[in-house]
Amino acid sequence: MKQMSHIDHDIPSTPGKFKMEKSSYMNRIRWHYSSLAKLTFWSFVLFLGLILVFFFKSPTSTSSPLPSDLSRRSLRTYSWGGPAWEKRVRASSRTRSRNGLSVLVTGAAGFVGTHVSAALKRRGDGVLGLDNFNDYYDPSLKRARQALLERSGVFIVEGDINDIALLKKLFEVVAFTHVMHLAAQAGVRYAMENPSSYVHSNIAGLVSILEVCKSANPQPAIVWASSSSVYGLNTKVPFSEKDRTDQPASLYAATKKAGEEIAHTYNHIYGLSLTGLRFFTVYGPWGRPDMAYFFFTKDILKGKSVPIFEAANHGTVARDFTYIDDIVKGCLAALDTAEKSTGSGGKKKGPAQLRVFNLGNTSPVPVSDLVSILERLLKVKAKRSVTKLPRNGDVQFTHANISSAQRELGYKPTTDLQTGLKKFVRWYLSYYDSGKKSAQ
Ligand SMILES: NC(=O)c1ccc[n+]([C@@H]2O[C@H](COP(=O)([O-])OP(=O)(O)OC[C@H]3O[C@@H](n4cnc5c(N)ncnc54)[C@H](O)[C@@H]3O)[C@@H](O)[C@H]2O)c1
Ligand SMILES: *[C@@H]1O[C@H](CO)[C@@H](O)[C@H](O)[C@H]1NC(C)=O
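Please read these numbers as outputs of a predicted model, since none were measured by experiment.

(A) Looking closely at the environment of Tyr411. Along the chain, Tyr411 falls in the loop between helix 13 (403-409) and helix 14 (417-431). With 77 residues separating them in the primary sequence, Tyr411 and Ala334 have C-alpha atoms 9.3 Å apart. Once residues within four sequence positions are removed from consideration, Tyr411 is found in contact with Lys329, Gly330, Ala333, Leu359, Ile402, Ala405 and Gln406.

(B) Just the sheet that holds strand 5 (residues 221-227), in detail. Pairing is parallel in the open sheet, where 7 strands are placed in the order 3-2-1-4-5-6-12. Among the strands making up the open sheet, the edge pair consists of strand 3 (155-158) and strand 12 (354-359). Neighbour to neighbour, the strand axes of the sheet diverge by 20° on average, direction disregarded. Strand direction decides the pairing type here: strand 4 (residues 178-181) and strand 5, joined by 4 bridges, are parallel. By the bridge assignment, Val179 is partnered in strand 5 with Ile222.

(C) Seen up close, the site of ligand 2. Taken together, Pro238, Ser240, Asn401, Ser403 and Ser404 are the residues near ligand 2. Each residue belonging to the shell around ligand 2 can be placed in one class, and the counts come to 1 nonpolar, 4 polar and no charged.

(D) Up close: the sheet that holds strand 14 (residues 383-388). Strand order in this open sheet of 3 strands is 9-8-14, and the pairing throughout is mixed. Each of the sheet's edge strands pairs with one partner strand only, and the pair in question is strand 9 (315-316) and strand 14. By the bridge criterion, 2 bridges tie strand 8 (residues 305-311) to strand 9 in an arrangement that is antiparallel. Paired with Glu310 across the bridge in strand 9 is Thr316. Contacting strand 8 and strand 14, helix 12 (residues 367-378) runs over the sheet at an angle of about 155° to strand 8.

Rules used in this analysis
Residues numbered from 1 in each chain as written. Chains lettered and ligands numbered in written order. Predicted model: local features only at pLDDT ≥ 70, side-chain atom pairs only at ≥ 80, totals over all residues. Helix = DSSP H or I, 4+ residues; strand = E, 2+ residues; numbered from the N terminus. Contact = placed C-beta atoms within 7 Å. Pairing = 2+ DSSP bridges. Axes fitted to C-alpha atoms, helices over the stretch in contact; angles between N-to-C directions. Near = placed C-beta within 6 Å. Nonpolar A, V, L, I, M, F, W, Y, C, P; charged D, E, K, R; others polar.

Limitation: the analysis is restricted to geometry and does not speak to function.
So this is what it looks like as structure tokens:
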């Protein structure tokens, strides 16, 4: 795959060369002196024409017949490999302490991935990032996060989690002890616009990661991001890990649920140690522009009206907002308590750990309160427009029971929404200050 881009560039240049030879040839011969020369000349022109047709046609016939959205967003070809590249990969993955972990973080240019990578690196673990920098939201924000990580010594390999050859190469160069798998197509409503991107990243991509992990020697332990959205239309609160999760309300939720079942399979067949984390509405500095707290901030500052969803019978829509630093602590604790995978050479040797945890904040906040807090912090009054909650993926409320994570991970969220949003707003104002960058 990685050579495809070179081929694309090489082919059109070849017919160009033929053209040049043709014109110099034309200048030199005196074809009107002999009919034999004429015949030779015209057969030569015909021959050239056929070659041109052949070369111009061939690149289109080798290009992939995938939907344009997919090929544009995530199936671009990247260049990787070579001694200098391998050196960077090795240096980034090197641990500072003897017992340090060596972690491959997928989705490292994303919101959660950036924070987790930075925290791991800070405490001395080796970290290698992997991200395809797709344009689901402003890629310049992903580049800015990449620059941040680069300064702390984390290299992000540019590539897709479906690129098996790349993944194999990474495991050839580094014996990762852990994989923190955060790359995914996020967002609930976008699934109606581009459903295949969810299948590509959240299902096929997860399988690619697990395939390479199960064949790696030694097999790494894997911690990956599921979502609170798997609770779907459940009404019993708080949501517990043991509750049913078979009523997803969006394709996004369905792909995360599928991921949990796929994780079960790979744990069962290959002895991979797998921990799924169901995040509850994560927010904070360097956050995601497609999430409400982020675009509410932008819209309030612009004087645009903010849509506040309301359920049937004026029911409150509420979210269990969880601050990024609390989520990071949960992720690191999941990595630290993950047992080793038990398989080797693609074969299971014994039962392996399989876990799933809620990572929430245990205190749902109505979305209208979120807007009130933002108004106070921004010192701007919001134009509220109350709208009925559309039935296209968003659920009425989320509320985590975190007793399991508390018990096994020592997880204990400490940041309330007021405190967390204050930190977000401070970051937002400095990042988008004085119109240098514009929030798209
Ligand atoms: N932020 C939340 O509130 C929340 C809630 C529940 C679950 N999650 C899950 O947590 C994880 C991280 O979320 P986030 O908020 O940081 O999202 P994000 O979109 O900021 O990060 C995901 C990153 O993965 C990359 N990526 C996507 N598809 C890829 C592919 N095929 N190959 C390589 N890279 C790819 C993207 O470029 C992006 O940088 C995701 O799995 C998400 O579904 C997040
Ligand atoms: C939370 O989940 C635990 C099991 O992990 C359960 O024992 C407890 O009753 C639940 N709490 C509530 C309030 O539902």
